[in-house]
Amino acid sequence: MQKVQLLTIIFIFISSIVSNLAIGDATSTFNVVDFGAIGDGETDNSKAFLQAWKALCEAEEDEYGGMPMLQIPDGTFLLKPLQFQGPCVSNSIHIQLLGKILAPSTIKRKWWILFTEVNGLILDGSGSIDGQGSLWWNKVSLFLALQFHRCDNLELSGLTHINSPKGHMGLNYCNGVSISNLTITAPQDSPNTDGIDISYSSQVNIFNSTIATGDDCIAINGGCSYININNVKCGPGHGISVGSLGDKGEMDLVEEVHVQNCTFIGTENGARIKTWPGGSGYARKISFEQIILQGTKNPIIIDQYYCNGHQCTAVKVSEIKYSGISGTSESQQGITLNCAELGCTNITMEEINITSSEPGEEIYAYCQNANGTSSFTFPQVPCLLGF
């Protein structure tokens with residue numbers, strides 16, 4: 001009899017835990033459909049999404065530490081420009097996108113979707129964000145599709161970003177960012193459709209992603225440090241770029257940028273550093289390692305004359321390392337170190353093997369105002385000391 005009573009007590013106790021878990025999940029999980037969103041591709045869902053965001057942002061973690069979550073289910077949800085403002089109550093929140101978010105045909109802002117001061121945001125899922133860029137590419141006024149401003153400890157993964165009118169994604173003043181398993185696509189001739197633009201951010205890790213656009217796959221701008229890019233397939237597009245820096249006389253500082261295990265396929269550039277005239281600051285401690293080139297037009301390029309012939313830059317470029325870069329170039333000039341009178345210093349090249357996409361065509365390097373060392377490098381770089 002006592003054994004039966006004990007088993008009954010244990011059963012009631014376990015049932016209570018399961019019930020509490022269910023209640024906790026129910027109170028911290030939201031769905032945009034429950035706020036009136038309709039995924040028919042035509043209804044404006046902006047109001048419903050803002051109401052859902054308010055509920056999510058005001059929700060607390062449950063008693064078991066589970067973070068609040070907002071689900072965007074299958075369907076096509078049309079959204080006008082929206083700003084999702086933080087900070088939120090919970091230290092972490094989760095948005096799961098399973099359907100498609102669609103841009104409208106008219107926008108008068110510089111961005112479409114903006115997250116501001118939202119720390120601990122996880123945005124993931126199997127869904128997509130479609131900027132309907134073909135409606136915009138022949139117009140002067142273009143907008144960034146997805147912008148994160150002052151969002152620390154940010155995690156982005158799994159989503160597909162399609163046809164942004166301008167840049168697909170921007171990070172601005174964000175620290176501690178993980179971006180993985182993204183697919184970003186736009187036609188090769190689409191203007192200014194950068195994949196990921198980063199500025200004034202640090203501790204950013206981008207890995208295991210595919211980016212094919214009409215401009216830079218990834219652009220690292222002023223104010224960035226400790227940016228790590230690993231296993232990104234880039235192309236078509238303009239490669240992975242540091243800069244442009246020093247535009248309009250700005251002081252730009254960039255350091256500790258490391259790109260490795262990446263592939264450039266049919267890109268305009270590969271590993272690029274570019275600066276504008278009249279600026280100041282530095283780009284230093286930058287590395288490109290274990291890079292595969294497939295028909296890249298400018299595989300390795302430092303361009304301190306990114307300025308259409310005007311008096312050029314004072315941004316100092318130093319401590320740049322290129323290692324383990326191999327593959328084919330679409331142009332005869334496989335390596336370009338086009339440095340201003342200030343010079344590029346402490347350039348290191350090792351185990352570089354760049355050949356022509358056209359069998360038998362000669363490949364050469366151009367070098368001006370650069371110093372450093374090279375070993376096992378082809379083509380040979382005339383102004384670097386060889387070993």
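For the structure, see preceding data.
Note that the coordinates shown come from a computational prediction; the quantities given were computed from them, not determined experimentally. (Residues numbered from 1 in each chain as written. Predicted model: local features only at pLDDT ≥ 70, side-chain atom pairs only at ≥ 80, totals over all residues. Heavy atoms only, no water.)

(A) Molecular detail of the overall build of the chain. For the chain, the helix and strand inventory stands at two helices and 31 strands. Counting only residues that meet the buried cut, the chain has 51% of its 387 residues in that class. Long-range pairs, those at least 24 residues apart, make up 76% of the contacts in the chain with a sequence separation of at least 6. Here the chain has roughly 17,200 Å² of accessible surface; of this, 50% comes from carbon and sulfur atoms. (Helix = DSSP H or I, 4+ residues; strand = E, 2+ residues; numbered from the N terminus. Buried < 20%, exposed > 50% of the residue type's maximum accessible area, 1.4 Å probe, protein only. Contact = heavy atoms within 4.5 Å. Areas by Shrake-Rupley, 256 points an atom, 1.4 Å probe, with all protein chains shown as cover.)

(B) Expanded view of the side chain of S209. Position of S209 relative to the elements: it lies in strand β18 (residues 202–212). Beyond its immediate stretch of four places on either side in the chain, S209 contacts S180, N181, L182, N231, V232 and K233.

(C) The arrangement of helix α2 (residues 46–58) in detail. The end-to-end C-alpha distance of α2, which contains 13 residues, comes to 18 Å, matching closely the 18 Å that a straight helix rising 1.5 Å per residue would cover. When α2 is considered as a whole, its buried residues turn out to be S46, A48, F49, A52, W53, L56 and C57. Along α2, the residues classed as buried sweep out an arc of 160 degrees about the axis, all on the same side. (Expected span 1.5 Å × (residues − 1). Arc of directions from axis to C-beta.)

(D) Expanded view of the packing of aromatic side chains. According to the stated counting rule, one finds nine aromatic pairs in the structure shown. With a centroid separation of 4.9 Å and an interplanar angle of 85 degrees, the aromatic rings of W136 and F143 are classed as edge-to-face. Note on accessibility: W136 and F143 belong to one class, buried. Where Y173 meets Y200, the ring centres are 4.9 Å apart and the plane angle is 10 degrees; that geometry is what we call stacked. Residue Y173 is found in the loop between β14 (169–172) and β15 (175–180), and its partner Y200 is found in the loop between β17 (196–199) and β18; the two are separated by 27 residues along the sequence. (Phe/Tyr/Trp six-rings, centres within 6.5 Å; stacked < 30°, edge-to-face > 60°.)

(E) Inspection of the pairing of strand β26 (residues 316–329) at higher detail. One ladder, built from eleven bridges, connects strand β24 (residues 280–296) with β26; its direction is parallel. Counted as the bridge partner of Y282 is K316 from β26. One ladder, built from eleven bridges, connects β26 with strand β28 (residues 344–356); its direction is parallel. Following the sheet pairing, T328 is matched in β28 by T355. (Pairing = 2+ DSSP bridges.)

(F) Spotlight on the sheet that holds strand β19 (residues 218–220). The strand order across the open sheet built from eleven strands is β5-β8-β11-β14-β17-β19-β21-β23-β25-β27-β29, with neighbouring strands paired in parallel fashion. Since the sheet does not close on itself, it has two edges, and those belong to β5 (82–85) and β29 (364–368), each with one partner. With strand direction ignored, the average angle separating the axes of adjacent strands in the sheet is 15 degrees. Sheet analysis places strand β8 (residues 111–116) next to strand β11 (residues 144–149), joined by five bridges and oriented parallel. Each residue of the ladder has a partner; that of T116, found in β11, is H149. Contacts between α2 and the sheet are confined to β5 and β8, with β5 contributing the most and set at about 5 degrees to the helix. (Axes fitted to C-alpha atoms, helices over the stretch in contact; angles between N-to-C directions.)

(G) Structural detail: the side chain of S225. Mapped onto the secondary structure, S225 falls in strand β20 (residues 224–234). Ignoring sequence-local partners within four residues, the contact set of S225 consists of S201, S202, Q203, E255 and E256.

(H) Main features of the nonpolar core. Core analysis: the largest hydrophobic core is formed by 95 residues, its most contacted members being F115, F148, I220 and Y322. At six residues, the largest contribution of residues to this core is made by α2. Setting aside residues up to four positions removed in sequence, Y322 forms contacts with A271, I273, F288, I300, I302, I347, T348, M349, E350 and I352. (Core = buried A, V, L, I, M, F, W, Y, C linked by side-chain atoms within 4.5 Å.)

(I) Structural context of the state of the cysteines. If you walk through the whole model with that rule in mind, you get four disulfides. A disulfide bridge connects C57 with C88, and the sulfur atoms are separated by 2.0 Å. The chirality of the disulfide connecting C57 with C88 is left-handed, given an S-S dihedral of about -105 degrees. You can see C57 sitting in helix α2 and its partner C88 sitting in the loop between β5 and β6 (93–97), a full 31 residues away along the chain. The buried category is assigned to C57, whose relative accessible area is 8%. (Disulfide = S-S within 2.5 Å.)

(J) Just unusual backbone geometry, in detail. A cis geometry characterises the amide bond from G86 onward to P87, with omega recorded as 0 degrees. Assignment of secondary structure puts P87 in the loop between β5 and β6. Along the chain, G243 connects to S244 via a cis peptide bond; the corresponding omega equals 20 degrees. A positive phi is found at E117, a non-glycine position, where the angle reads about 55 degrees. When you line up the elements, E117 lands in the loop between β8 and β9 (121–124). Take E117: its relative accessible area is 33%, and that puts it in the partly exposed class.

(K) How the structure looks around the environment of G249. By the secondary structure assignment, G249 is in the loop between β21 (240–245) and β22 (251–265). With 29 residues separating them in the primary sequence, G249 and G278 have C-alpha atoms 4.8 Å apart.

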